[in-house]
Amino acid sequence: MTKDNIMKHADGLFHKIFDEVAKEYPEIKADHMIIDIGAARLAAKPESLDVICTLNLYGDILSDIVAEVAGSVGIGGSANVGDNFAMFEAIHGSAPDIAGKNIANPGGLINAAVMMLVHMGHTQTATTVQNAWLRTIEDGIHTADIYNPESTGSRKVGTKEFTDAVIARLGQAPSQLKLAQFGKNKIGIKMSNRPRQKKEQIGIDIFLEWDQSSRNPNVLGEALKKVADAQKLKLKVITNRGVRVFPDGIPETFCTDHWRCRFVKPDFTPVTATQMLDLMQAVNKAGFDIIKTENLYNFDGKRAYSLAQG
């Protein structure tokens, strides 16, 4: 799931790599959804999805949706796996507001520990713990977040009591919920070597804070054009809130004091770092407040930056 209909480069690259990796596993059906409808589908029909591959921001949101649909954010565990190290934790964070009150659901940490055991190769122990946790839930022993007072088979307990119930059921298995059975494969990643691409800087976006002349973009544009001309560069476009305001902007556009100003060579050939540093010094000397910059690059001749309506 991505938002590459809008985030064409950041999310677009993720989607591109996903498609490349998917070809290495033809036995696994791969599909793509825009994150908006994907999140809605996840909430409405979670059983229609198996594994979701997405970017970190979306994953942080979707993981809470998944856990809540399943019963509570308190039951979700997470794994962060790298080449040499791995970290496992509950998805909900530290929850300091309920710390020490004996009301937290330990399920998230239990499930994180199960994933850790699988990663370490202790799959039989992981299976034993997971099945004991499932049996505890199946037996109606529930913390407050998943307790249903309308269910005659549900009993509300605290963190300690729930944990003791899981320990007491080690070696038991659920009779209705799906039995856990982990194989011998660790949770791991396989990195592929990718050829280094030729990187060329084509220009720079200079972001300014400017609140003069009633925020008239034409005043700003003409002043920056003089700076660019002196550096033998071209002011290609100025945008405000993502909308082109110079040249040929619409007078009705409401402008804030945050401006993106794009500079390139007149012939769009590569620029040097020295040229860009000289440009920034000239913009600064002209009295403009630079708040950040973003370099514009081509990789193997392909644009890796947005057009900025330019």
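Throughout this document, residue positions are counted from 1 along each chain, in the order its sequence is written. Only residues with pLDDT of 70 or above have their local features reported here, since the model is predicted, and side-chain atom pairs are shown and tallied only from 80 upward, although totals for entire chains, interfaces and linings are computed over all residues. In computing side-chain values, all of the structure's heavy atoms are included and hydrogens and water are not.

Visitor: Explain the overall build of the protein here, please?
Guide: Working definition: helices are DSSP H or I runs of at least four residues, strands are E runs of at least two. Numbering for both runs from the N terminus. Looking only at helices and strands, one finds 8 helices and 10 strands in the protein. Here the C-alpha atoms of the protein give a radius of gyration of 27 Å, more than 25% beyond the 19 Å that 2.2 N^0.38 yields for 310 residues. Expressed as lengths along the three principal axes of its C-alpha atoms, the size of the protein is roughly 80 × 45 × 30 Å. We call a residue buried when its accessible area falls under 20% of the maximum for its residue type, exposed when it is over 50%, and partly exposed in between, using a 1.4 Å probe and counting protein chains only. Classification of the 310 residues of the protein by burial places 32% in the buried group. For a compact globule the rule gives 2.2 Å times the number of residues to the power 0.38, and the radius of gyration it is set against comes from C-alpha atoms.

Visitor: Looking at this structure, I do not really get the side chain of Arg262. What am I missing?
Guide: Mapped onto the elements of the fold, Arg262 is located in strand E8 (residues 258-264). Think of a polar contact as two N or O atoms within 3.5 Å of one another; within protein, one of them needs to be a possible hydrogen donor and the other a possible acceptor, and neighboring residues in sequence only count if both atoms come from side chains. Within polar-contact distance, the side chain of Arg262 engages the side chain of Asp205 at 2.7 Å. For Arg262, the contacting residues outside a window of four places in its chain are Ile204, Asp205, Lys234, Leu235, Lys236, Val237, Leu296, Tyr305, Ser306, Leu307 and Ala308. Residues count as neighbours in contact if any of their non-hydrogen atoms are within 4.5 Å of one another.

Visitor: Hey, could you run me through the pattern of salt bridges in this one?
Guide: In the sections that follow, a salt bridge refers to a side-chain nitrogen of Lys or Arg positioned within 4 Å of a carboxyl oxygen of Asp or Glu. Per the stated rule, a full pass over the model turns up 11 salt bridges. In this structure, Arg262 and Asp205 form a salt bridge, with 2.7 Å as the shortest nitrogen-oxygen distance. Here Arg262, found in strand E8, pairs with Asp205, found in strand E5 (residues 199-209); they are 57 residues apart in sequence, far enough to count as distant. When its relative accessible area of 1% is taken as the criterion, Asp205 is described as buried. Put simply, Lys292 and Glu294 hold a salt bridge, and the shortest N to O gap is 3.1 Å. Residue Lys292 is classed as partly exposed on the basis of its relative accessible area, which comes to 39%. A residue is classified by how much of its surface remains accessible, and Glu294, at 33% relative accessible area, is partly exposed. Linked by salt bridges that have partners in common, Lys16, Glu20 and Arg194 make up one network.

All we've got here are geometric facts, nothing functional implied.
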